[in-house]
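# Report on the structure
One-letter residues, chain by chain:
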Amino acid sequence: MGLIGGNSLQKLIGQALPRNAPGITIGVEMTILLNDSSLLKSQAFINGAWVDADNKDVFDVKNPADGAVLASVASCGRAETARAIEAAGSALDGWRRRTARDRSSLLKAWHALMLEHSEDLAQILTAEQGKPLAEARGEIAYGASYIEWFAEEAKRIYGDTIPAPSNDKRLVCIKQPVGVVACITPWNFPNAMLTRKIAPALAAGCTVVCKPANETPLSAYAFAVLAARAGIPDGVINILNGRTQEIGETLTSSRIVRKLTFTGSTPVGKKLMAACAGTVKRTSMELGGNAPFIVFDDADIDAAVAGAIVCKFRNSGQTCVCANRILVQAGVFEEFTAKLTQAVGALKVGKGADDGVTIGPLIHETAANDVVALIDDAVAGGARVIIGGGRSGLGANFVAPTVLTNVSHEMRLFSEEIFGPVAPVFQFETEEEAIDIANNTEFGLASYFYTRDIGRIWRVSEALEYGIVGINEGIISSEMAPFGGVKESGQGREGSKYGLDDYLEIKYLCMGGIDK
């Protein structure tokens, strides 16, 4: 769930742009500065209409920086989900019959509107998710890039002609949309995680029913407004939030839904896979990570520190591909740790909407409690706090950027995904030891290493049991490259030319009687 960017957090984040738009008040305290207030929606989007929950129930969306209520959003359940599925099923035939060029043109129009309204979308994203505005702007551009990419790939869904076993036959393979797709996405990248599922689905000719995280529904609804303006037909995109278990059970049990794509934790992914087995749905899963970040003694240490900062601390460490275990070879351990600590000390913690902030709040107090518990467990086991070590003074959701040394494999933070601004630094002696430590996990999403030895680059890249390897680079996500993991980090790939495969069925046509 990465963000496109440069080689340091400061370069990635940059400076907040002036905000001269009129203030649009959404909740009790919080004001979101927007040029187009119609992007703010709090109802479900079903079959091209904005609708309340049947029982008029709502839930509050809050700004994690200060707890201010941003909106009261329709809390949907089984009945509303069933109608969304029906709408997607009804729209499917018309959408998949459109030419690839037509679907491509509509996606391009949507992409253009995303860019045109990028500042408003970033303001909404920061308000509900908490990340610094510069990071939010980067995410909007990143999310939009998937729409543009798959607008082009829609015109490149090719089949095959297969050599025939005899002269009276011809063998052909064609690709067709899998059907209605359920998309379930997390709160850490509420725009990009959804566009990189919706865009390939629509490009392939599928329709979608989407369940974004209840913490961050406003971003999803805002770009649904733009999708409708772009001319994407009613029922092709449906989005709703609310009673998560009811929505999930309805999606997984429906025989109309033929595929489920999920980004989130491994335990939830396993439950969804099991639930989909009853109807043998296609699934693609982008699940948890435990990324190693390896620094060999021949590395450019300054570049490695810059890479570690942007990899570990963007989005306050709330990414499944961020560095979870920093492994440093003994010969450069002291130098790297000192420089990393200095760089971490320069990070500015605060509200995402404030100028110069590089570390925002965690999504809610429970998330902060989990991260602090991991720090406390490490300290109890003998870890040394070099900087940080707990909550900052800004509030319950803020955790100070932290560097820990003297950490061991027995500590929880070695095996568990931290999902916060905490960098444990481990020491190793040999290349073989680093690979063994890195692979000592059930996860296999992203990994990183720094070296200037070309032989080592090939050896380590091939030995790491991960779907993604960053070499002398801390930012690895791009719409042009396949994103996904191995082992218990998931299945399938998002982005790149491979990203359409999970939304397509291969149909084999055997034609006989050709020579008669």
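Definitions and limits used
Residues numbered from 1 in each chain as written. Predicted model: local features only at pLDDT ≥ 70, side-chain atom pairs only at ≥ 80, totals over all residues. Heavy atoms only, no water. 1 Å grid on protein atoms, 1.4 Å probe; cavity = no way out; pocket = protein on both sides within 12 Å on 5 of 7 lines; lining within 4 Å. Points joined across faces, edges and corners; volume = space filled by probe spheres on them. Helix = DSSP H or I, 4+ residues; strand = E, 2+ residues; numbered from the N terminus. Nonpolar A, V, L, I, M, F, W, Y, C, P; charged D, E, K, R; others polar. Pairing = 2+ DSSP bridges. Axes fitted to C-alpha atoms, helices over the stretch in contact; angles between N-to-C directions. Buried < 20%, exposed > 50% of the residue type's maximum accessible area, 1.4 Å probe, protein only. Right-handed = clockwise from strand over helix to strand, strands pointing away. Contact = heavy atoms within 4.5 Å. pLDDT = per-residue confidence, 0-100. Parallel < 35°, antiparallel > 145°, perpendicular 65-115°, else oblique. Phe/Tyr/Trp six-rings, centres within 6.5 Å; stacked < 30°, edge-to-face > 60°. Lys NZ or Arg CZ within 6 Å of the ring centre and 35° of its normal.

Once that is clear, we can look at empty space enclosed by the protein. Under the definition given, this model contains 2 cavities of 30 Å³ or more. Quantified by volume, the largest cavity comes out at close to 50 Å³. Residue lining of the largest cavity: K197, T261, F262, S284, M285, E286, F483, G484, Q491, G492, R493 and E494, and that is the complete set. The greatest single-element share of the lining of the largest cavity, amounting to 3 residues, is contributed by strand 13 (residues 282–286). For the lining of the largest cavity, a count of residues per class yields 3 nonpolar, 5 polar and 4 charged.

Here we come to the layout of surface pockets. In this structure, the largest pocket spans a volume of roughly 1,100 Å³. Surrounding the largest pocket, 45 residues form its lining, W187, F262, G264, S265 and V268 being those nearest its centre. Broken down by secondary-structure element, the contributors of at least two residues to the lining of the largest pocket are helix 8 (244–253), strand 12 (257–263), helix 9 (266–276), helix 12 (365–380) and helix 13 (412–415). Along its surface, the second largest pocket is lined by 13 residues, and K62, P64, E215, I363 and H364 are the ones closest to its centre.

This next bit is on the sheet that holds strand 16 (residues 384–387). Spatial strand order, 16-17-18-15-14-19-20: 7 strands in an open sheet with mixed pairing. Among the strands making up the open sheet, the edge pair consists of strand 16 and strand 20 (468–471). For this sheet, the mean angle separating the axes of adjacent strands, direction not counted, is 25 degrees. The sheet contact formed by strand 14 (residues 291–295) and strand 19 (residues 446–450) spans 3 bridges and is parallel. Bridge assignment links I294 to a residue of strand 19, and that residue is F449.

Once that is clear, we can look at the pairing of strand 12. For a regular strand, side chains alternate in direction, first toward one face of the sheet and then toward the other. With respect to burial, strand 12 is a largely interior element, 6 of its 7 residues being buried. Bridging between strand 9 (residues 180–184) and strand 12 involves 5 bridges; their strand directions are parallel. Its bridge partner lying in strand 12, I184 is registered against F262. In this structure, strand 12 lies alongside strand 13, joined through 5 bridges in parallel fashion. Each bridged residue has a counterpart across the sheet, and for F262 the counterpart in strand 13 is M285. The parallel pair strand 12 and strand 13 is bridged by helix 9, and the resulting crossover is right-handed.

In this section: the side chain of N290. Within the secondary structure, N290 is located in the loop between strand 13 and strand 14. Overall, N290 belongs to the buried group, its relative accessible area being 0%. Apart from residues no more than four positions distant in its own chain, N290 is found in contact with N324, R325, F414, S415, T441, F443 and Y466.

Take the environment of G269 next. Among the structural elements, G269 can be located in helix 9. Looking at G269, the relative accessible area reads 0%, which means it is buried. Excluding residues that lie within four positions of it along the chain, G269 makes contacts with F262, M285 and L287.

We note that N406 has phi near 55 degrees; this positive angle belongs to a residue other than glycine. Here N406 lies in the loop between strand 17 (402–405) and helix 13. Classification of N406 by relative accessible area gives exposed; the value is 53%. The phi dihedral of S496 is positive, around 70 degrees, even though this residue is not glycine. Among the structural elements, S496 can be located in the loop between strand 21 (490–491) and strand 22 (504–511).

Summarising the model, the chain shows a mean pLDDT of 93, and 94% of its residues fall at 70 or more. Counting contacts from residues 1–30, a segment whose pLDDT is below 50, to residues more than four positions away or on other chains yields 101 contacts.

Before going further, it helps to spend a moment on the sheet that holds strand 7 (residues 160–162). On the basis of which strands lie adjacent, the open sheet formed by 3 strands has the order 7-8-22 and antiparallel pairing. With partners counted over all chains shown, the strands left at the sheet margins are strand 7 and strand 22, one partner each. Across the sheet, the mean angle from the axis of one strand to that of its neighbour is 25 degrees, orientation sign disregarded. Pairing of strand 7 with strand 8 (residues 170–177) involves 3 bridges; the strand directions are antiparallel. Paired with I162 across the two strands is L171, which belongs to strand 8.

A few words now on the packing of helix 5 (residues 133–153) against helix 6 (residues 192–204). In the contact formed by helix 5 and helix 6, the axes pass within 8 Å of each other and the chain directions differ by 10 degrees. What the angle tells us is that helix 5 and helix 6 run roughly parallel. For the pair formed by helix 5 and helix 6, the contact residues are E139, Y142, G143, Y146, I147 and F150 on the first element and A192, T195, R196, A199, P200 and A203 on the second.

With that settled, the discussion passes to the environment of G420. When you line up the elements, G420 lands in the loop between helix 13 and strand 18 (422–428). Separated by 230 residues in the primary sequence, G420 and P190 have C-alpha atoms spaced 17 Å apart. Setting aside residues no more than four positions away along its own chain, G420 makes contact with K312, S316, G317, L362 and V371.

With that settled, consider the packing of aromatic side chains. Tallied over the entire structure, the rule returns 10 aromatic pairs. Consider the rings of F414 and F426, whose centres lie 5.6 Å apart with planes at 70 degrees: the pair is edge-to-face. Taken together, the positions of F414 in helix 13 and F426 in strand 18 put the pair 12 residues apart, joining distant regions of the chain. Each member of the pair F414 and F426 is classed as buried. What links up through ring pairs into an aromatic cluster is the set F45, W50 and Y221. Above the plane of the ring of Y503 lies K259, whose end atom (NZ or CZ) is 4.9 Å from the centre.

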